[in-house]
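So you can see what is in the structure, the chains are spelled out below.
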Amino acid sequence: MTLKLYNTLARKKVLFVPANPSQVGIYVCGVTVWDATHLGHARSAITFDLVVRVLRARGMRVTYVRNFTDVDDKIIARATQENVEWHEIAQRYMAEYREGLALLGNVVPEEEPCASDHIGEMIAMIEQLISKDMAYVSQGDVFFAVRKFSGYGKLSGKKIEELEVGARIEANASKRDPLDFALWKAVKPGEPSWESPWGPGRPGWHIECSAMALKYLEQPIDIHGGGCDVMFPHHENEIAQAEGATGQPFVSVWLHNGSLTVDAEKMSKSLGNYFRLTEALQRFDAEVLRYYLLALHYRSPLDFTEVGIADAGKALTRFYEATARLGAATVGAFPAAPPKDRPKAAKPVIQRLLTLRDDVLAALADDLNTPQLNGIIFDVVRELNRYLNTGTCDGPAHGWIQMAWSHTRNMLHDILGFYGSDPAVFRERMGQRQLAASGVNRDEVEQLLAQRASARAAKDFGTADSIRDQLTAMGVTFQDRPDGTTDWQMT
Ligand SMILES: [Zn+2]
């Protein structure tokens, strides 16, 4: 089964053929660590986490590199404002990013290079560009001469003439052309700086990714990814720098994930719709959040809404309820074929389970079509419920269904990072959240249930009924079990 990915550079889906199938390289632009991680960062990281997992599920060995931009104007400004060292700011937000992504179940990249550790590599690339007359030194700054790179604009589709119209004449008199961008910035008072052949200073933003990508991965890099917001100018400039310096193609496939808005607005602190990831993880279940962020196709713009996340919770609940009803799986190897004796009621679900793995991989092989994949899964869930409702669930066919579903869940969890919870644990987690959201106190509910049990034992049905009404008014539903205990949940 061939893997197709939408290559931004080619503007179409292309067959993914790594240069070396036993060692695939992927470089993803991470974050500038000057502020908190927000949902947009999480969406991008989860998208490329899925890419890496899909490649691995297809048997490829992957080197995943994702950078941290830790030298930047905003970091320096924040450090000055808080009167701390710039690297304290960087470390703080790096830690927050890593923690949040771990809670969302993301794999850790093989390399997480920081710009500040790669100044030497950047200087070397800038020197190469100067020697090829693609960059020039001016008053301690170094600029990339955009017009010297004939392929400029090939990723974003922008033409030099359009850019000329858009370019403002900046106050920076040291630039020869307003289109040129900084590779190296001469030191300013109070700012961190490094020694260079052009005097002390610090790198411009774009050069770090060209230099670090080529340090850790073979050229051409199989996949380079990032959010659609960094496609221009950042990725365009990365191509100009890397290809300008080496004369070779930089990247084979460029992947960009869609934007994230909240309630149809761009997330911003001033609008009050800014979702810090740590806050989102307090408010929503991490697995539900991950499901939600992957439910839509990665290239589509995602509008984050409370309704959307509630629907994601309902979908996962449906999945886990069916799993719970099916019962525990038998441990052991996946049975290649179900038993010959197949009750009629079990046939449709067996049929679907037999092709499920291929169907899932086929959906993912079509440019990571997660909506189609979830459609396939919920089709099986419906079939599963239909079968369970027949009440004919025993015998070898049932055992096979249990085992096949258990193996399917493991596979889905490996590739998607969700669908792998124990159903009882998932129900407990969701119950806790509902309880917290409803403001109902767990101890109070337990106490009322105990009082009701004693009233019933004493045949005081009047009191038992009034307690039942009280609980119903609180939004609690419950069921008396034959063993005398009571199962309850919030409605
Ligand atoms: Zn980058």
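Okay, the packing of helix α2 (residues 73–82) against helix α3 (residues 86–103) next. Between two packed helices, what matters for the description is the angle formed by their axes and the separation of those axes. The N-to-C vectors of α2 and α3 enclose an angle of 110°; their axes lie 8 Å apart at closest approach. By the angle between their axes, α2 is roughly perpendicular relative to α3. Listed contacts from α3 to Ile75, Arg78, Ala79 and Glu82 of α2 are Trp86, Ile89, Arg92 and Tyr93. Looking at side-chain class alone, the contact of α2 with α3 contains five nonpolar, no polar and three charged residues.

Moving on to the sheet that holds strand β7 (residues 181–186). Judged by pairing direction, the sheet is antiparallel, and its four strands sit side by side in the order β5-β6-β7-β8 without closing on themselves. Each edge of the sheet is formed by a strand with only one pairing partner; in this case those strands are β5 (135–138) and β8 (201–203). Across the sheet, the mean angle separating the axes of adjacent strands is 20° when strand polarity is ignored. Across four bridges, β5 lies against strand β6 (residues 141–144) in antiparallel orientation. Residue pairing for β6: Ala135 is matched across the bridge by Phe144.

For α3, spanning 18 residues, the distance from its first C-alpha to its last is 26 Å, which sits close to the expected 26 Å at 1.5 Å a residue. Residues of α3 that are buried: Trp86, Ile89, Ala90, Tyr93, Met94, Glu96, Tyr97, Gly100 and Leu101. Along α3, the residues classed as buried sweep out an arc of 160° about the axis, all on the same side. Away from the buried face of α3 by more than 90 degrees, exposed residues Glu99, Ala102 and Leu103 are located. Buried residues belonging to α3 abut β3 (24–32), α1 (39–57), β4 (62–69), α2 and α8 (277–283). One or two steps after α3, the chain reaches Gly105, where phi turns positive at roughly 80°.

What counts and how
- The residue count restarts for each chain, going from 1 along the sequence in the order it is written.
- The predicted origin of the model limits local features to residues at a pLDDT of at least 70 and limits the giving and counting of side-chain atom pairs to 80 or more, whereas totals for whole chains, interfaces and linings rest on all residues.
- Excluding hydrogens and water, the side-chain figures rest on all heavy atoms present in the structure.
- Only the stretch in contact is used when fitting a helix axis, every axis being a line fitted to C-alpha atoms; angles between N-to-C directions are given from 0 to 180 degrees.
- Under the DSSP-based scheme used, a helix requires at least four consecutive residues in state H or I and a strand at least two consecutive residues in state E, with every element numbered from the N terminus.
- Relative orientations are named as follows: roughly parallel for angles under 35 degrees, roughly antiparallel for angles over 145 degrees, roughly perpendicular for angles from 65 to 115 degrees, and oblique for any other angle.
- Contacts between residues were defined by any pair of non-hydrogen atoms, one from each residue, lying within 4.5 Å.
- We call Asp, Glu, Lys and Arg charged. Ala, Val, Leu, Ile, Met, Phe, Trp, Tyr, Cys and Pro are nonpolar, and the rest, Gly among them, are polar.
- Pairing between strands is defined by DSSP: at least two bridges between them are needed.
- Here, expected helix span is obtained from the residue count minus one, scaled by 1.5 Å.
- For every residue, the accessible area obtained with a 1.4 Å probe (protein chains only) is divided by the maximum for its type, and the residue is called buried under 20%, exposed over 50%, and partly exposed between those limits.
- The arc in question is formed by the directions pointing from the helix axis toward the C-beta atoms.

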